[in-house]
Amino acid sequence: MGCCIADLRNKEVICKSNGARLGHVDDVEIDTCNGKLVSLIIYGRGRGLGFFGKCDDIVIPWCDIDVIGEDTILVNFCCPPPPPKPQKNKWFAG
């Protein structure tokens, strides 16, 4: 069974180790010298409606892709956890 690159955009990417949903495929990287798919790219989500930038893109190498199913892609790749939020000072320093 074959799969077009356009079909990948509709598939959700899920990390096999913890079940985390990484997002949907937004782009792919292709080695133009040998015509092979190198990686899948999931664009980072916007923070605060995009006013505060966006998270880093997720680049999943081809070797980390385990299964490409009808609706999902299972990967052996997990993103590092987001950095911890800074603690707010409960006491007013004045």
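This structure is a prediction, so every number in the text was calculated from the model and none was measured.

### Side note on the side chain of D26
Residue placement: D26 occurs in the loop between β2 (21–24) and β3 (27–31). Those residues in contact with D26, other than ones at most four positions away along the chain, are R9, I41, I42, Y43 and R45.

### Thoughts on the nonpolar core
Of all hydrophobic cores here, the largest spans 13 residues; its most connected members are V13, L22, V25, L40, I60, I73 and V75. Of all the secondary structure elements, the ones that give two or more residues to this core are β4 (36–42), β5 (58–61) and β7 (72–75). Excluding its chain neighbours within four sequence positions, the residues that come into contact with L40 are L8, V25, D27, V28, I58, V59, I60, I65 and I73.

### Looking at the pattern of salt bridges
Within this structure, the stated rule accounts for two salt bridges. Between E12 and R21 there is a salt bridge; the shortest N-O distance is 3.6 Å. Here K16 makes a salt bridge to D66, at a shortest N to O gap of 2.5 Å. Residue K16 is found in the loop between β1 (12–15) and β2, and its partner D66 is found in strand β6 (residues 65–68); the two are separated by 50 residues along the sequence.

### Some words on the sheet that holds β6
The sheet built from four strands is open, its strands ordered β2-β1-β7-β6 with mixed pairing. Lying at the two open borders of the sheet, with one neighbouring strand each, are β2 and β6. Within this sheet the neighbouring strands show an average axis-to-axis angle of 20°, counted without direction. Note: β6 against β7, three bridges, orientation antiparallel. When the sheet's bridge partners are listed, V67 is paired in β7 with L74.

How each quantity is defined
Along each chain, residues carry numbers from 1 onward, in the same order as the chain's sequence is written. In keeping with the predicted nature of the model, local features appear solely for residues at pLDDT of at least 70, side-chain atom pairs appear and are counted solely at 80 or more, and the whole-chain, interface and lining totals rest on all residues. The basis for the side-chain values is all heavy atoms of the structure; hydrogens and waters are excluded. Numbering of helices and strands starts at the N terminus; helices are DSSP runs of H or I of at least 4 residues and strands are runs of E of at least 2. Residue contacts are defined here by distance: any two heavy atoms, one from each residue, within 4.5 Å place the two residues in contact. Put simply, a nonpolar core is a bunch of buried Ala, Val, Leu, Ile, Met, Phe, Trp, Tyr and Cys residues held in one set by side-chain atoms that sit within 4.5 Å of each other. For every residue, the accessible area obtained with a 1.4 Å probe (protein chains only) is divided by the maximum for its type, and the residue is called buried under 20%, exposed over 50%, and partly exposed between those limits. By definition, a salt bridge exists where a carboxyl oxygen of Asp or Glu is found within 4 Å of a side-chain nitrogen of Lys or Arg. One requirement defines pairing of two strands: DSSP has to find at least two bridges between them. Note on geometry: axes are C-alpha line fits, over the in-contact stretch for helices, and angles between N-to-C directions span 0 to 180 degrees.

Any link to function would need more than the numbers given here.
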